[in-house]
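One letter stands for each residue in the lines below.
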Amino acid sequence: MKKKQLLFVSSYIPEKIYNSTVNDFRDQQAQKFDRLMIKGFLNNGYSVQCISYLSEINGLDDYFEINEENCHFSIINNNSKTNYLSIIKKSYKKTRLLLQENQDSIVLCNILNISVSLGAILAAKNCGNRVVGFITDMPIHMFGKFSVYKMIADFIIYQCTDLIFLTQQMSVKYRKNCKHYSIVEGLSDFSDQKNIEIKNDSYNPKNIKKRRILMYAGSLHKRYGIEMLVQAFCKISKENVELHIYGKGDFEMELQKFLAINKNIRYFGVVPNNKIVLAEKEVDLLINPRTSEGEYTKYSFPSKIIEYMTSGTPVLMNMLPGIPDEYREYCYCFESETIEGYTDTLEHILSMDIKSLQIKGKKAQSFVYENKNYTSQIKKVIHELELEE
C-alpha cells in the first residue's frame, strides 16, 4: 500500500543542522513545534517531504537538499545573495516539481513563514492540490495592522482549503473561509524519556531537597510578566529558595540589578532546548508569569505550558483567555495578576507539602502524555480535517 504523502513547508531544519549552525538558538520553540508536527505525521503513516526556509545562516549554500529524520529536505537559505522574490520563486518551482511527482500530496504550510509558504501555496493552487495552513500567531500581532507582511499572510490564509489554529478564539476570525479546521494548542514530546512510568500517586521522598528551586524559561520581554515575577520573588519571606531564569529579552539589563542584590536569583541566559528540558525535570516548580493583559492573549497558548507539564514538575501560571479550561485542574494559578498576588501565591505553594506538589506535577504529566502527545494530536488533525476521506 502506497504511503500518504505530505509536503511540509516551514522554517524547520533538521536538529543536526540547527545545532551546528544557529549559535544564538533563536526560534527554538517554533523549531520544536514544527519537528513534533512532522513526527506526528510520520507516526500516522505519512511520507513527509519538507521545503524549508533558513534565515541568513552563514556557511551554507543558498539552496541544498538533505535526507534527515526520515524526511527529504529541500532547504532555501536566505543569505546575502538571496532576496525574498528569489525565495518565493524557488519555493514555487520546488513545490510544483514535487507535486508533479506525487500528485496526491497534501501541502501543509506555516503561514507565518511568508516567502516560502507563498511560493508553495501558489504552486499547490496551480496544481489543484489540497492546502492546509497552520497559524501559531495572529498576523496582525506578528506584523502590525497595516504591514504588507500582514496583508500577504492574510492572503495566504485565504488560499488554504483547511486550517490548523492554536486557540479556539483564533479560529473565529478565519474558519469561515476554509472547508475544515482543527485546533492544536501544542504537542507533548516523550520520545527522549526512556521507559517512562507515569503514576498519578507518584511520590518520591528522595526528591526532597533543602533548597527549593523555582524556574522560568522563555522570553524575557517585560510584557510576558517576567519583571513582575522577579519583583514578587524578592518579596517572599523564605530564604532557602532560588529562582532560575533562562532566556533573553528587553528585561535582561534590569535583571542584572536584581542579580546584584538578591543572590537567590540565578540567570543562565539562552541555552539549547534539550538542556532546558533536563533542568525542568530537576526543579521544584515551573512558572509562566504571562498575564492576560492585551488582546493577543486570546490567541495565545504559551508553548512552554505543555513542555513544562511533560517534565512532571508542577506548574504555576495564569489561565489566559486562550488556554482551554481542561488545563485548570493540572496547574496552580496565581491569586491575582499583581506583584502582591504573585508573592502571596509563591508563599502559599512553598508552604505546601512536597507530596502534594509532586502528585500535581505527575497528574499534569499524565494528562499531556495521554491527550497531547504529538502522535494523538496529529491523529486528531487528520480526522477533523478529513485528510483521509
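(A) Seen up close, the sheet that holds strand 14 (residues 332-333). Reading across the sheet, the 6 strands line up as 11-10-9-12-13-14 and stay open at both edges, with parallel pairing between neighbours. The strands lining the two open edges of the sheet, one partner per strand, are strand 11 (265-267) and strand 14. As judged from the 2 bridges shared by strand 13 (residues 315-317) and strand 14, these two strands associate in the parallel manner. Each bridged residue has a counterpart across the sheet, and for Leu316 the counterpart in strand 14 is Tyr332.

(B) Geometry of the pairing of strand 4 (residues 71-78). Among the 8 residues that make up strand 4, 7 are buried, leaving the element largely enclosed by the rest of the structure. The hairpin turn running from strand 3 (residues 63-68) into strand 4, its antiparallel successor, is 2 residues long, and Glu69 in that turn takes a positive phi close to 55°.

(C) Examining the packing of aromatic side chains more closely. Within the structure shown, the criterion is met by 15 aromatic pairs. Pairing Tyr12 with Phe73 gives two aromatic rings, centres 6.0 Å apart and planes at 45°, and the pair type is tilted. Of this pair, Tyr12 sits in the loop between strand 1 (4-10) and helix 1 (15-21) while Phe73 sits in strand 4, and the two are 61 residues apart along the sequence. Taking 6.0 Å as the distance between ring centres and 55° as the angle between the ring planes, the aromatic pair formed by Tyr158 and Tyr174 counts as tilted. Of this pair, Tyr158 sits in helix 6 (residues 148-159) while Tyr174 sits in helix 7 (residues 168-174), and the two are 16 residues apart along the sequence. Here the aromatic cluster, defined as three or more aromatic residues joined through ring pairs, consists of Phe301, Tyr327, Tyr330 and Phe367. Above the plane of the ring of Tyr296 lies Arg223, whose end atom (NZ or CZ) is 4.8 Å from the centre. Lying across the ring of Tyr332, Lys360 places its NZ or CZ 5.1 Å from the centre.

(D) Just unusual backbone geometry, in detail. Although it is not a glycine, Asn70 sits at a positive phi angle of roughly 65°. Its location among the elements puts Asn70 in the loop between strand 3 and strand 4. Positive phi outside glycine occurs at Glu386, with the angle close to 55°. With respect to the secondary-structure elements, Glu386 resides in the segment after helix 14 (374-384). Judged by its relative accessible area of 35%, Glu386 falls in the partly exposed class.

(E) Spotlight on the environment of Val315. As for its position among the elements, Val315 is in strand 13. The spatial distance from the C-alpha of Val315 to the C-alpha of Cys333 is 8.4 Å, given a sequence separation of 18 residues. With residues up to four places along the chain from it excluded, the contact list for Val315 reads Leu285, Leu286, Tyr308, Met309, Cys331 and Tyr332.

(F) Structural detail: the environment of His141. For His141, the location among the structural elements is in helix 5 (residues 139-143). Taking the C-alpha atoms as reference points, His141 and Glu295, 154 residues apart in sequence, are found 9.2 Å from one another. Ignoring anything within four residues of it in the chain, the contact list for His141 reads Glu295, Tyr296 and Tyr299.

(G) Representation of the packing of helix 8 (residues 226-233) against helix 12 (residues 339-350) in the model. It is at 8 Å that the axes of helix 8 and helix 12 come closest, and there the two elements cross at 55°. Considering the angle they form, helix 8 stands oblique to helix 12. As for the relative orientation of helix 8 and helix 12, their crossing is right-handed in sense. Together, Met228, Leu229, Gln231, Ala232 and Phe233 of helix 8 and Ile339, Tyr342, Thr343 and Leu346 of helix 12 make up the contact between the two elements. Within the contact of helix 8 with helix 12, the residues separate by chemical class into 7 nonpolar, 2 polar and no charged.

(H) Structural context of the nonpolar core. Counting 121 residues, the largest nonpolar core has Met37 and Phe41 as its most contacted members. Sequence-distant contacts of Met37, defined by excluding residues within four places in its chain, comprise Phe8, Leu108, Phe134, Ile164, Leu187 and Ile378.

(I) Quick look at the pattern of salt bridges. For the structure on display, the rule yields 17 salt bridges. Asp189 is the partner of Arg35 in a salt bridge, and the nearest nitrogen-oxygen pair spans 3.6 Å. Within this pair, whereas Arg35 is found in helix 2 (residues 28-43), its partner Asp189 is found in the loop between strand 8 (180-183) and strand 9 (212-217), the two being separated by 154 residues in sequence. Close ionic contact of Asp162 with Arg130 constitutes a salt bridge, the shortest N to O distance being 2.7 Å.

(J) Fine view of the sheet that holds strand 2 (residues 46-55). The strand order across the open sheet built from 8 strands is 3-4-2-1-5-6-7-8, with neighbouring strands paired in mixed fashion. If you trace the sheet from one side to the other, it starts and ends with strand 3 and strand 8, each paired once. Across the sheet, the axes of successive neighbouring strands diverge by a mean angle of 20°, strand direction being ignored. Alignment of strand 1 against strand 5 (residues 106-110), held across 4 bridges, turns out to be parallel. Residue Leu7 lies in a different strand from strand 5, and its bridge partner there is Val107. The strands touched by helix 2 are strand 1, strand 2, strand 4, strand 5, strand 6 (131-135) and strand 7 (162-165); relative to strand 2, the strand with the most contacts, the crossing angle is about 165°.

(K) Spatial organisation of the environment of Gln29. Of note, Gln29 is situated in helix 2. According to the relative accessible area criterion, Gln29 is partly exposed, its value standing at 21%. For the pair Gln29 and Thr291, spaced 262 residues apart in the sequence, the C-alpha separation amounts to 20 Å. Setting aside chain neighbours within four positions, we find Gln29 in contact with Asn273, Ser303, Lys304 and Glu307. At a separation of 3.4 Å, a polar atom in the side chain of Gln29 contacts the side chain of Lys304.

Reading the values: the criteria
Residues numbered from 1 in each chain as written. Predicted model: local features only at pLDDT ≥ 70, side-chain atom pairs only at ≥ 80, totals over all residues. Heavy atoms only, no water. Pairing = 2+ DSSP bridges. Helix = DSSP H or I, 4+ residues; strand = E, 2+ residues; numbered from the N terminus. Buried < 20%, exposed > 50% of the residue type's maximum accessible area, 1.4 Å probe, protein only. Phe/Tyr/Trp six-rings, centres within 6.5 Å; stacked < 30°, edge-to-face > 60°. Lys NZ or Arg CZ within 6 Å of the ring centre and 35° of its normal. Contact = heavy atoms within 4.5 Å. Axes fitted to C-alpha atoms, helices over the stretch in contact; angles between N-to-C directions. Parallel < 35°, antiparallel > 145°, perpendicular 65-115°, else oblique. Left-handed = near helix turned anticlockwise from the far one by under 90°. Nonpolar A, V, L, I, M, F, W, Y, C, P; charged D, E, K, R; others polar. Core = buried A, V, L, I, M, F, W, Y, C linked by side-chain atoms within 4.5 Å. Salt bridge = Lys/Arg side-chain N within 4 Å of Asp/Glu carboxyl O. Polar contact = N/O pair within 3.5 Å; in protein donor to acceptor, adjacent residues only side chain to side chain.

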